[in-house]
Amino acid sequence: MFNEIKSEIKVISSFIRMGAYTFFSQRWGVISQFLGIAVNIGVIGIFAKLVTLDADIAQYGTPRFLEFFVIAMFITNLVFIGTGSVSGILRGANFANLYTSPCKFITIFIGANSWKIIWRFLTSFFFIFLAVTLFNAEIYFNSGFMVVFISGFVLMLALDLFAAGFTIVTKAPTDPINWFLGLTSQLVSGTYFPVENLPSWLQPIAHMHPQTYVNKFARLTMGGNASLTEVWPELRAFVLTTIIMLIIGYVMFKYGFKRARVSGTLGHQ
């Protein structure tokens, strides 16, 4: 048992080394990403000082628009790691080779996404570091934030499992779940302004969008330093929804995977 786990860890480590080697071989790409983050936080800092929108952001615990913007972008960047994590592997040109390898699928899943997760965390916290250093952003990390992040990440993963089940059966280049999330996330989820300020015809979509609630709870915990106890009465419904969607997503993925394997079209994307 121990040797088997050790073997799977070695495979994941190989994925990480390969991902890091490929990534850092493109040196300008690395430099341009950090420069892009620096420019982005500069634009946000300046823009936040110029915003005159009459909006009640105090309800989210953020004292200024700076924290309002920064927290939403930070948490979105992290929880959206789950988006495309499974469906992206299935659409990849190397999926057939990966699946026929002696590795477990869970090892392939973790390994293929490991470098992306590591790099996303590094760049996201660099983003926060610049916001605090250059503009004195008031950011807190507590247990409430951890629950919000984990719940948001798992929910996005659950939705991607559902999308992967759809993809593997239909062989479509895109799926309606990730298409909808990508198209509407910045518009209706309250990234740049409170959802209460949206036109009335967009309000129903905003209240359906999972990122709306992730942004809200992240701002309360990271911006307002609200504890888990304080946000739990509202957060528990979101956590319960995440658990239910994870079950549904897993069932859909298993169904699609089994159907494609039986029909012999598993690697035909």
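Residues numbered from 1 in each chain as written. Predicted model: local features only at pLDDT ≥ 70, side-chain atom pairs only at ≥ 80, totals over all residues. Heavy atoms only, no water.

**Brief notes about the packing of helix H7 (residues 143-170) against helix H11 (residues 228-263)**
Put simply, the rule is: Lines fitted to the C-alpha atoms define the axes, with helices restricted to the stretch that makes contact. Angles between their N-to-C directions range from 0 to 180 degrees. Going along the chain from the N terminus, every DSSP run of H or I of four or more residues is numbered as a helix, and every run of E of two or more is numbered as a strand. Geometric relationships in this document are graded by angle, where less than 35 degrees denotes roughly parallel, more than 145 denotes roughly antiparallel, 65 to 115 denotes roughly perpendicular, and other angles denote oblique. By convention the crossing between two helices is left-handed if the near helix lies anticlockwise of the far one by an angle smaller than a right angle, and right-handed if it lies clockwise. Amino acid classes used here: Ala, Val, Leu, Ile, Met, Phe, Trp, Tyr, Cys and Pro are nonpolar; Asp, Glu, Lys and Arg are charged; the rest, including Gly, are polar.
Their axes nearest at 7 Å, the elements H7 and H11 cross at an angle of 20°. On the basis of the axis angle, H7 is roughly parallel to H11. Judged by the sense of rotation from one axis to the other, the crossing of H7 with H11 is left-handed. Looking at the contact of H7 with H11 residue by residue, the classes come out as 24 nonpolar, 8 polar and 1 charged.

**A closer look at helix H8 (residues 176-188)**
Counted only if it meets this: Expected span of a helix: the number of residues minus one, times 1.5 Å. Think of it in three bands: with a 1.4 Å probe and only protein chains considered, a residue is buried below 20% of the maximum accessible area for its type, exposed above 50%, and partly exposed in between.
Its 13 residues place the ends of H8 17 Å apart at the C-alpha level, agreeing with the 18 Å of an ideal helix rising 1.5 Å per residue. Those residues of H8 not exposed but buried are Asn178, Leu181, Thr184, Ser185 and Val188. Looking one or two residues past H8, glycine 190 carries a phi angle of roughly 80°, positive in sign.

**Quick word on helix H6 (residues 105-135)**
To keep it simple, the criterion reads: The angle between axes fitted to the seven residues ending at a residue and the seven residues starting there is what we call the bend at that residue.
Between its terminal C-alpha atoms H6 stretches 44 Å, which fits the 45 Å expected from 31 residues at 1.5 Å a residue. By the largest-angle criterion, serine 114 marks the main kink of H6, which is about 40°. Just downstream of H6 lies asparagine 136, where phi reads positive at about 55°.

**A look at the packing of aromatic side chains**
Note on aromatic pairs: each is described by the distance of the centres and the angle between the planes. Our working rule: Two aromatic rings, drawn from Phe, Tyr or Trp (for Trp, its six-membered ring), form a pair once their centres lie within 6.5 Å of each other, and the interplanar angle then sorts them: stacked below 30 degrees, edge-to-face above 60, tilted otherwise.
Applying the stated criterion across every chain yields a total of 25 aromatic pairs. Between phenylalanine 74 and phenylalanine 125, the ring centres sit 5.2 Å apart and the planes meet at 80°, which makes this aromatic pair edge-to-face. A residue pair is termed long-range when its members are at least 10 positions apart, and phenylalanine 74 in helix H3 (residues 65-79) and phenylalanine 125 in helix H6 qualify at 51 residues. Accessibility expressed as a relative area gives 34% for phenylalanine 125, which makes it partly exposed. Here tryptophan 115 and tryptophan 119 contribute two aromatic rings whose centre-to-centre distance is 5.9 Å and whose plane-to-plane angle is 25°, an arrangement assigned as stacked. Highlighted residues: tryptophan 115 and tryptophan 119, both in helix H6, separated by 4 residues, approximately one helical turn. Members of the aromatic cluster, connected to one another through ring pairs, are Phe74, Phe121, Phe125, Phe141, Phe145, Phe149 and Phe153.

**Observations concerning unusual backbone geometry**
With the exception of glycine, the majority of residues adopt a negative phi angle, and the majority of peptide bonds are in the trans configuration. One non-glycine residue, asparagine 136, adopts positive backbone phi at about 55°. Here asparagine 136 falls in the exposed class, since its relative accessible area comes to 57%. Even without being glycine, asparagine 225 reaches a positive phi, approximately 60°. Relative to the assigned elements, asparagine 225 resides in the loop between helix H10 (210-223) and H11. Overall, the relative accessible area of 38% leaves asparagine 225 in the partly exposed class.

**Considerations on the pattern of salt bridges**
A side chain with one charge can pair with a side chain of the opposite charge if their charged atoms come near. For the record, the criterion: The term salt bridge refers to a side-chain nitrogen of Lys or Arg lying within 4 Å of a carboxyl oxygen of Asp or Glu.
In this structure the tally under the stated criterion is 2 salt bridges. Salt-bridge contacts for arginine 64 lead to glutamate 67; the nearest nitrogen and oxygen are separated by 2.5 Å. Residue classification places arginine 64 among the partly exposed residues on the basis of a relative accessible area of 34%. Residue glutamate 67 is classed as buried on the basis of its relative accessible area of 0%. A salt bridge links lysine 216 to glutamate 234, with the nearest nitrogen and oxygen atoms 2.7 Å apart. Of the two residues, lysine 216 is situated in helix H10 and glutamate 234 in helix H11; the sequence distance between them amounts to 18 residues. For lysine 216, a relative accessible area of 25% corresponds to the partly exposed category.

Any functional reading would require information that these geometric values do not contain.
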